[in-house]
Structure formats: structure tokens, C-alpha cells
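Examination of the molecular architecture
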Amino acid sequence: MPDRRLSVVLRQAAPIPLDVEFSCEPGQVMAIFGPSGSGKTTILRAIAGLYRPEQAQVRSGGESWTDTSAGVFLPPHARTVGLVFQEYALFPHLSALGNVMTALGHRPRAERRHRAESLLRLVHLTKRMSSRPHELSGGERQRVALARALAREPAVLLLDEPFAAVDKAVRRRLQDEIDSLRRTLEIPLILVTHDFDDAVRLATHVLVVEHGRGVASGPMSVLTSRPDVAFLREAVGLGSVFDAVVTRVDAERGLAALSFGGGELFVPARAGMAGASVRVRIPAREVILAVGPPQGLSLHNVLVGSISAIQVEPTSDLVIVRIQVGDEFLLSEVTRDAVARLQLAVHQRVCALVKSVSIEVQQTSRA
């Protein structure tokens with residue numbers, strides 16, 4: 001398999017400040033997350049060749065797309081990039097099939113219709129191939145745009161706020177389809193979003209951007225367990241995110257057991273969960289600490305771990321405690337009084353107590 005690792009370095013002081021450096025491997029989803037006006041779309045445009053920063057290196061595998069120090073700048077049409085815009089950018093006079101066929105100029109003419117039809121089937125638009133954009137719903141237009149991006153057989157797929165114009169139900173269906181596609185395409189996928197729910201649902205890695213500068217990046221589970229990323233805290237609140245598998249469902253008790261890198265969690269059961277892969281988020285304020293195993297409580301989740309960090313908040317009476325549980329980390333938001341009463345210290349063994357109903361679970365693959 002050819003090397004398809006995407007490597008990006010972008011730097012300039014003006015007119016749009018940029019200072020970011022990251023890489024994304026095939027099969028990974030890098031969510032670029034930050035407030036409006038932070039430069040997220042500019043980063044995508046620089047990767048696609050629609051914007052040329054003052055200093056830049058963009059490489060796809062062994063191919064250099066941009067290298068300002070060497071005078072290299074491939075035009076957009078020479079880059080094997082699939083780009084899906086927030087506003088779809090479909091040709092209004094063409095059908096869904098015609099829009100996808102416009103991206104197949106690199107294929108022999110005799111193959112284009114068949115390939116376009118197969119891509120529209122892939123995004124579940126078999127019955128809407130002859131419809132024009134104004135006859136399609138927002139979610140359907142977004143699917144056409146996605147099929148057209150895939151028609152280029154891209155080495156990199158770029159998604160710019162792909163769910164911003166659709167309602168919650170359509171958003172979830174599109175997320176499911178994109179997640180399914182990324183598991184089969186084996187190419188880097190870059191997702192620009194201002195909604196962290198999109199990142200939690202789809203991303204394997206996160207780059208947090210503020211004023212054009214990358215302030216933090218890393219695997220989803222690592223980044224979300226860092227209390228020092230200010231924007232992440234302000235935008236979504238403290239919490240830990242990690243992957244798990246539903247190992248069993250007890251219908252009589254109404255509980256599902258989730259196996260993860262730190263042991264087992266119990267959450268309220270839902271239909272179709274058995275055997276599914278899920279992504280779990282546990283808000284820090286929902287994690288209670290105890291220095292010994294509790295007795296006589298109604299909760300199901302008692303996780304034993306070791307304190308790896310204690311961060312005192314300078315502007316409040318809150319303290320953030322980071323607990324390593326197996327291979328994963330949990331955050332707990334407690335008071336200074338609680339730290340003093342329990343005499344909490346780094347490396348101390350503690351029990352993390354989590355109510356089942358406080359655990360947010362998103363299914364990432366079907367059972």
C-alpha cells in the first residue's frame with residue numbers, strides 16, 4: 001500500500017496568522033476544533049491548494065504538494081484531494097448523478113456513469129440519482145457532495161463543517177456514513193468543526209486552534225484528559241473520552257457492560273448495543289473520589305486507579321484530579337476542601353465513582 005500520511009506545516013504572521021503543525025495517518029480522523037474565525041477553514045484551503053501561506057510544507061505520502069522553501073506549489077487540480085464544503089457547492093443545473101460525474105474526468109468516459117452510480121449507492125442515494133440539488137434535502141445534497149469528493153479517488157478527504165446546515169437526526173446519519181467510509185477508505189480525513197460533538201463522534205485525533213495557532217493536539221483520549229487546554233474546557237467542559245466495546249447486555253437489569261482500557265463500566269442499555277463499538281465521555285464533575293471501596297451505594301461503577309496529577313484552579317476553589325485507570329485517564333472536578341479532607345496526593349490509589357446515567361455513550365459501529 002502506498003504511503004498516504006498527510007503532513008502539514010503552516011506559518012505566517014499576516015494577513016491571516018497561522019502557526020500549525022500536524023500529521024494524520026491513513027484511517028485516522030483529525031478534527032480541527034476551535035472558535036469561529038480561528039483559521040480552521042484556512043488550514044483546509046492551504047492543504048487543498050486554494051490558499052498559499054507565506055511558509056508552508058504540505059506532503060501526501062512521498063509527494064510534495066507545497067514547499068515554499070523549495071518553490072513547490074501544486075495547483076488544486078493536481079492534488080488528489082476530496083473537499084466537501086459546508087455550502088455543498090453543487091451545480092444547480094445538473095442531477096445528483098451529473099454532479100458526481102463532473103469529478104470523474106480522470107476516468108475513461110465509458111466508465112464514468114457506472115462509477116458515479118456506485119458512489120451514490122455508497123451514500124444511500126440510489127433513488128435520487130436523477131434529482132437536481134433544489135429537489136434534494138440538505139442531508140441529501142451533503143451526500144452528493146461527499147460522493148463527488150470521493151469520485152476524485154482522493155489521497156486525503158477534507159470536510160469543512162459538513163453538518164452545519166442539517167438537523168440533528170440527519171447529522172447523526174451523515175456521521176454514521178462518514179465513520180463507515182473512513183473505516184474502509186484508509187486515507188487521512190481532516191474534519192473542521194466548531195461543534196465538539198462532531199469530534200467526539202468521529203475523530204481519532206484533535207487539533208485545537210486559537211487565532212490561527214495550534215495550541216494542543218493529540219489522540220482524542222489523551223487530549224480530552226488534559227485540564228490545561230483552556231478553550232476545550234470553556235467550550236465543552238472537562239471530561240474524559242475513550243473507546244469501549246459492549247460486551248454484554250442484561251435486559252432484566254436494563255444495563256449494558258462496556259469493556260475499555262481501564263476495566264468495565266455499566267450504562268443504561270439501549271436496543272442494538274450488544275457487540276457494538278462505542279465512544280464514551282465522562283464529565284469530570286460526575287466523577288466522585290473515595291480513598292477506599294464504598295459500601296451501600298446505588299451506583300454500579302467503581303474504578304480503581306492512581307492519581308497522576310492534581311491541578312489547583314487559580315481563580316476558584318475547584319481542583320482537577322487526573323486519575324489513571326488502566327490504560328485510560330479520568331478527570332474529577334472536586335473542591336479544595338475535598339482534597340484536604342481525603343489528603344489526596346499524586347500516586348495515591350483512589351476509587352473513582354461514576355453514576356451509570358452520567359456516562360455519555362455514542363455508538364461508533366453497528367453490532
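Now for a description of the structure that goes with this document. Small disclaimer: the values here were computed from a predicted structure and weren't measured.

Things to note about helix α4 (residues 138–151)
Along its 14 residues, α4 runs 20 Å from first to last C-alpha, staying within 8% of the 20 Å computed at 1.5 Å per residue. Across the 14 residues of α4, 13 count as buried, placing the element largely inside the fold. A positive phi of about 50° marks Glu 153, the residue just after α4.

Side note on the packing of α4 against helix α5 (residues 168–185)
For the pair α4 and α5, the least separation of the axes is 10 Å and the interaxial angle reads 15°. Classified by the angle between their axes, α4 and α5 sit roughly parallel to one another. Considering only the axes of α4 and α5, their crossing is right-handed. Contacts between α4 and α5 involve Gly 139, Gln 142, Arg 143, Leu 146 and Leu 150 from the first element and Val 170, Arg 173, Leu 174, Glu 177, Ile 178, Leu 181 and Leu 185 from the second. Each residue belonging to the contact of α4 with α5 can be placed in one class, and the counts come to seven nonpolar, two polar and three charged.

Notes on the pattern of salt bridges
Under the criterion given, the structure shown has 14 salt bridges. One salt bridge connects Arg 107 with Glu 153, and the closest N-O pair in it is separated by 2.7 Å. Taken together, the residues span a long stretch of sequence, with Arg 107 in the loop between α2 (96–101) and α3 (109–122) and Glu 153 in the loop between α4 and β8 (156–160) at a distance of 46 residues. Relative accessible area serves as the criterion here: at 23%, Arg 107 is assigned to the partly exposed category. Relative accessible area serves as the criterion here: at 35%, Glu 153 is assigned to the partly exposed category. When salt bridges with common partners are traced through the structure, they connect Arg 11, Asp 19 and Glu 21 into a single cluster.

What to know about the pairing of strand β15 (residues 277–283)
With six of seven residues buried, β15 is to be regarded as a mostly interior element. Across seven bridges, strand β12 (residues 239–250) lies against β15 in antiparallel orientation. Its bridge partner lying in β15, Ala 244 is registered against Val 278.

Side note on the environment of Ala 203
Positionally, Ala 203 belongs in the loop between α6 (196–202) and β10 (205–210). Classification of Ala 203 as buried rests on a relative accessible area of 0%. For Ala 203 and Ile 190, which are 13 residues apart along the polypeptide, the C-alpha to C-alpha distance reads 8.9 Å. Beyond its immediate sequence surroundings of up to four residues, Ala 203 is in contact with Val 29, Ala 31, Asp 198, Met 220 and Arg 279.

A short note on the packing of aromatic side chains
If you walk through the whole model with that rule in mind, you get two aromatic pairs. With a centroid separation of 4.9 Å and an interplanar angle of 55°, the aromatic rings of Phe 33 and Phe 196 are classed as tilted. In this pair, Phe 33 is assigned in strand β3 (residues 29–33) and Phe 196 in helix α6, connecting sequence segments 163 residues apart. For the residue pair Phe 33 and Phe 196, the accessibility class agrees, reading buried in each case. Residues Phe 242 and Phe 260 carry aromatic rings whose centres are separated by 4.6 Å and whose planes lie at 20° to one another, so their mutual orientation is stacked. Here Phe 242 is found in strand β12, whereas its partner Phe 260 is found in strand β13 (residues 255–260), with 18 residues between them in sequence. The side chain of Arg 52 reaches across the aromatic face of Phe 73, ending 3.9 Å from its centre. Over the face of the ring belonging to Phe 266 we find Arg 253, whose NZ or CZ atom lies 5.8 Å from the ring centre.

What to know about the side chain of Lys 40
Looking at where Lys 40 falls in the secondary structure, it is placed in helix α1 (residues 40–48). Buried and unpaired, Lys 40 has Glu 161 as its nearest opposite-charge partner, separated by 4.5 Å. A polar contact of 3.0 Å, which involves the side chain of Lys 40, links it to the backbone oxygen of Pro 35. With near-sequence residues (within four places) excluded, Lys 40 lies in contact with Ile 32, Phe 33, Gly 34, Pro 35, Glu 161, Val 192, Thr 193 and His 194.

Thoughts on the side chain of Ser 64
Structurally, the position occupied by Ser 64 is in strand β5 (residues 63–67). Take Ser 64: its relative accessible area is 18%, and that puts it in the buried class. With residues near it in sequence (within four places) discarded, Ser 64 still touches Val 58, Arg 59, Val 72 and Leu 74.

Quick look at unusual backbone geometry
That bond from Ala 14 to Pro 15 is cis: its omega, 0°, falls within 30 degrees of zero. Tracing the backbone through its elements, the reader meets Pro 15 in the loop between β1 (6–12) and β2 (18–24). In this structure, His 124 is a non-glycine residue whose phi angle is positive, near 60°. Along the chain, His 124 turns up in the loop between α3 and α4. With relative accessibility at 54%, the residue His 124 sits in the exposed group. Positive phi outside glycine occurs at His 211, with the angle close to 50°. In this structure, His 211 sits in the loop between β10 and β11 (213–219). His 211 gets classed as exposed once you look at its relative accessible area, which sits at 68%.

Conventions adopted
- Residues numbered from 1 in each chain as written.
- Predicted model: local features only at pLDDT ≥ 70, side-chain atom pairs only at ≥ 80, totals over all residues.
- Heavy atoms only, no water.
- Helix = DSSP H or I, 4+ residues; strand = E, 2+ residues; numbered from the N terminus.
- Expected span 1.5 Å × (residues − 1).
- Buried < 20%, exposed > 50% of the residue type's maximum accessible area, 1.4 Å probe, protein only.
- Axes fitted to C-alpha atoms, helices over the stretch in contact; angles between N-to-C directions.
- Parallel < 35°, antiparallel > 145°, perpendicular 65-115°, else oblique.
- Left-handed = near helix turned anticlockwise from the far one by under 90°.
- Contact = heavy atoms within 4.5 Å.
- Nonpolar A, V, L, I, M, F, W, Y, C, P; charged D, E, K, R; others polar.
- Salt bridge = Lys/Arg side-chain N within 4 Å of Asp/Glu carboxyl O.
- Pairing = 2+ DSSP bridges.
- Phe/Tyr/Trp six-rings, centres within 6.5 Å; stacked < 30°, edge-to-face > 60°.
- Lys NZ or Arg CZ within 6 Å of the ring centre and 35° of its normal.
- Lys, Arg positive; Asp, Glu negative; His and termini not counted.
- Polar contact = N/O pair within 3.5 Å; in protein donor to acceptor, adjacent residues only side chain to side chain.

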